[in-house]
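# Structural overview for review
Residue-level listing of the chains:
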Amino acid sequence: MKRFTFLLCFFVAISWGQQTDYVDFKTAKIMVAFKPDSSYVFGVAIYKFDVLKPIDSLYLDAVSMEFDNVLINEKVVDYRNSQKKIWVKNHFEANTTYELSFNFSAKPKKALYFIDWDYEDGNKQIWTQGQGKYTSNWLPSIDDMNDKIEFDLSITFDKGYEVISNGKLKKKLEPEYFTTWIYDMIQPMSSYLVALVIGKYHKKAEYSKSGIPLEMYYYPEDSLKVEPTYRYTKQMFDFLEEEIGVPYPWQNYKQVPVKDFLYAGMENTSCTIFSDSYMIDSVAFVDKNYVNVNAHELAHQWFGNLVTETSGTHHWLQEGFATYYALLAEKDIFGEDYYYWRLYEYAQELLEQDKAGGSTSLLDPKSSSTTFYKKGAWVLHILREKVGDKAFKLAVKNYLEKHQFKNAETDDFIIEVEKVSGGDLTYFKNILKDSNDDIFQDICSLMKFDITRKYINVENLDCPDGIEYYFDACKQKRDRVKLSKFSAEINSRTKVEFLNDLLNDSLMNIEKIYKKAFESKDIKLRQTIAQNLTETPSELKTDYETLLDDGSYITVEAALFNLWKNFPQERQRYLNKTKGIVGFNDKNVRMLWLTLALLTDDFEPENKSIYYNELVDYTSPKYGFEIRMGAFQYLTQIQACNDACKENLKQATKHHNWQMVKFAKSALKNLEEN
């Protein structure tokens with residue numbers, strides 16, 4: 001009893017110290033297997049570490065785990081499991097390398113997710129999300145991102161599944177029933193970047209200009225979605241390597257879609273995991289594509305993975321840089337107009353945040369994503385404009401090379417810029433620290449002027465009754481700006497905003513504007529019509545019906561609903577025309593179609609029950625949360641959420657995805673109240 005009390009006091013005292021001053025973990029060999037039906041992970045971990053100063057204990061973060069066979073250099077040692085950490089007691093001598101090994105098991109509540117193992121026809125998967133959740137929930141490791149370790153994973157699982165993890169697949173061992181996948185990393189990383197995915201996948205492989213293997217995974221049934229989903233991947237990879245000036249730092253690059261992911265994507269080292277809602281066909285590419293997320297997560301392989309922030313205070317070094325370089329990659333694809341328009345939109349978003357009182361410093365660890373991402377990208381754009389391309393690119397290169405496979409702070413980057421530019425960066429430093437975003441008011445005004453000047457012929461005109469004169473550039477002065485007849489050379493995004501302004505101007509001849517806009521071949525412009533012209537006049541009916549043929553699922557969805565609502569006598573024709581359209585991965589068009597088919601009294605009465613059961617089935621856990629939310633919304637709107645629907649809604653309140661939980665709780669509350 002006395003011995004136990006001594007150990008307890010000792011471990012508590014040591015926890016107040018800084019372990020990284022005493023111990024440097026170097027490598028981790030992890031062997032894991034799973035019991036997916038019961039959501040268990042178990043395995044063996046072997047850590048090698050150097051002792052920098054004499055110490056009598058050390059720890060690994062480990063949440064709600066069980067351990068046995070805890071050894072130091074293959075000898076049994078005392079240890080304590082606090083359910084948050086495993087503490088190991090030993091007389092560790094300075095300047096000595098040790099090996100810590102143990103068996104572990106856990107049933108993690110987060111960071112490792114078992115998907116669809118309760119459903120016979122579900123999309124069975126296992127995947128990880130360490131950032132913000134902590135890998136230590138499923139793998140004993142170090143939560144502190146300043147401790148970088150070379151992780152080599154060996155994963156054993158049933159045959160018939162693909163297993164994807166960080167690094168290079170060295171070999172597969174294939175006995176009768178199981179396969180062991182052995183992955184090798186050759187450089188260290190923070191533990192939040194450790195990743196694995198298990199599921200049924202096929203793979204498309206390409207090679208970058210520099211010879212890096214690019215592996216793009218997809219579900220077997222999604223073969224036709226591979227090209228539009230991963231479009232421009234190789235181009236962006238080659239561009240970023242050249243633009244950043246530092247070779248891609250890892251052995252290969254993998255991208256894997258998963259069901260019900262928590263975010264758009266996560267930049268695990270050499271292995272990005274992203275939401276399968278971004279698996280899209282060529283039609284969906286116009287409205288919702290993976291390009292920006294793809295470029296953003298790829299940029300993180302340098303900014304975040306190669307060089308990692310020391311703390312949340314410097315989070316913009318990861319998210320601001322990734323946002324900025326993703327935008328540069330898109331500029332390479334879509335052109336300069338796209339780049340500046342996106343910057344303008346970012347500035348507008350920052351202004352809205354400022355008006356709402358939400359602006360904070362970029363160096364505030366509690367800042368919003370808008371600040372870290374959008375403001376971070378903007379200050380890099382401003383800095384580059386100030387010091388010039390050559391100095392900026394050299395500073396970034398020097399910063400990455402000096403701190404590669406280590407951690408850095410904002411000052412580390414500023415020092416490199418100052419060295420190569422020789423300029424005064426006081427203004428830039430003030431922007432970083434300033435919580436007031438008034439600067440973007442001036443930026444927006446200047447950019448709006450430049451955009452207007454580029455695309456519009458400005459003339460002092462009266463207000464003749466013609467389509468050419470329908471843009472109000474300055475309502476105070478009532479100056480008119482000549483709109484170039486929606487000509488093809490005008491940027492699509494600019495046209496959409498101008499059209500929205502026109503439609504909100506009470507002095508305009510709205511019918512003439514619509515007539516002219518209908519003639520446009522621009523999908524985004526016609527999409528604006530579909531979304532704004534909700535009360536469709538009969539004289540525009542024929543024009544509006546052409547929207548059902550557009551290559552945009554957003555346009556078709558809006559047009560179908562508005563036509564169905566405005567022209568009841570034509571409902572059957574509209575439903576027959578759109579019967580086979582599914583839409584995005586969330587089945588947006590199909591979901592609306594089923595609902596309208598149920599509400600149309602004389603439409604296929606013999607199939608009503610089939611359509612109803614299909615809509616209810618979409619609330620089942622075997623579908624992704626976006627599909628389920630859509631089905632729940634439609635069923636509750638038409639007051640048709642039956643017992644099966646209600647049970648599925650209750651189940652959704654315990655989902656692992658926060659968006660699903662928030663939606664389900666609110667929907668269930670409203671259902672009970674009504």
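Described below are features of the structure shown in this document.

Calculation rules
Residues numbered from 1 in each chain as written. Predicted model: local features only at pLDDT ≥ 70, side-chain atom pairs only at ≥ 80, totals over all residues. Heavy atoms only, no water. Helix = DSSP H or I, 4+ residues; strand = E, 2+ residues; numbered from the N terminus. Contact = heavy atoms within 4.5 Å. Phe/Tyr/Trp six-rings, centres within 6.5 Å; stacked < 30°, edge-to-face > 60°. Buried < 20%, exposed > 50% of the residue type's maximum accessible area, 1.4 Å probe, protein only. Disulfide = S-S within 2.5 Å. Axes fitted to C-alpha atoms, helices over the stretch in contact; angles between N-to-C directions. Parallel < 35°, antiparallel > 145°, perpendicular 65-115°, else oblique. Left-handed = near helix turned anticlockwise from the far one by under 90°. Nonpolar A, V, L, I, M, F, W, Y, C, P; charged D, E, K, R; others polar.

Quick look at the environment of Tyr22 now. Looking at where Tyr22 falls in the secondary structure, it is placed in the loop between α1 (2-14) and β1 (23-35). Tyr22 sits 28 residues away from Asp50 along the chain, and the two C-alpha atoms are 8.5 Å apart. Apart from residues lying up to four places away in sequence, Tyr22 is in contact with Asp50, Val51, Leu52, Lys53, Pro54 and Ile55.

How two aromatic rings sit relative to each other is set out by the distance from centre to centre and by the angle between their planes. Taken as a whole and assessed by the stated rule, the structure comprises 48 aromatic pairs. Note on Tyr230 and Phe274: the rings are 6.0 Å apart at their centroids and 90 degrees apart in plane angle, and the pair reads as edge-to-face. Here Phe274 lies in strand β20 (residues 271-275) and Tyr230 lies in the loop between α2 (226-229) and α3 (233-244), a separation of 44 residues in the sequence. Residue Tyr230 shares its accessibility class with Phe274, and that shared class is buried. Grouping aromatic residues by their ring pairs yields a cluster made of Phe303, Trp316, Phe321, Tyr324, Tyr325, Phe392, Tyr399 and Phe413.

The next subject is the state of the cysteines. Taken as a whole and assessed by the stated rule, the structure comprises one disulfide. Through a disulfide, Cys641 is tied to Cys645; the S-S separation comes to 2.0 Å. Looking along the S-S bond of the Cys641-Cys645 disulfide, the torsion reads about -95 degrees, which is the left-handed sense.

A few words on unusual backbone geometry. Glycine aside, a negative phi is what most residues show, and trans is what most peptide bonds show. Look at Tyr134: it is not a glycine, yet its phi comes out positive at around 75 degrees. Mapped onto the fold, Tyr134 is located in the loop between β10 (125-128) and β11 (150-158). With phi around 75 degrees, Tyr232 is a residue other than glycine that occupies positive phi space. Looking at the secondary structure, you find Tyr232 in the loop between α2 and α3. Judged by its relative accessible area of 28%, Tyr232 falls in the partly exposed class.

Below, the discussion takes up the packing of helix α5 (residues 316-334) against helix α7 (residues 369-387). Helices that pack against each other are described as a pair by the angle of their axes relative to one another and the distance between those axes. Between α5 and α7, the shortest axis-to-axis distance is 7 Å and the interhelical angle comes to 70 degrees. Accordingly, the angle class assigned to the pair α5 and α7 is roughly perpendicular. Every pair of crossing elements has a handedness; the one defined by α5 and α7 is right-handed. Residues Trp316, Glu319, Gly320, Phe321, Thr323, Tyr324 and Leu328 of α5 form the contact with α7, whose participating residues are Phe372, Tyr373, Gly376, Ala377, Val379, Leu380, His381 and Arg384. Residue classes in the contact of α5 with α7 are distributed as nine nonpolar, four polar and two charged.

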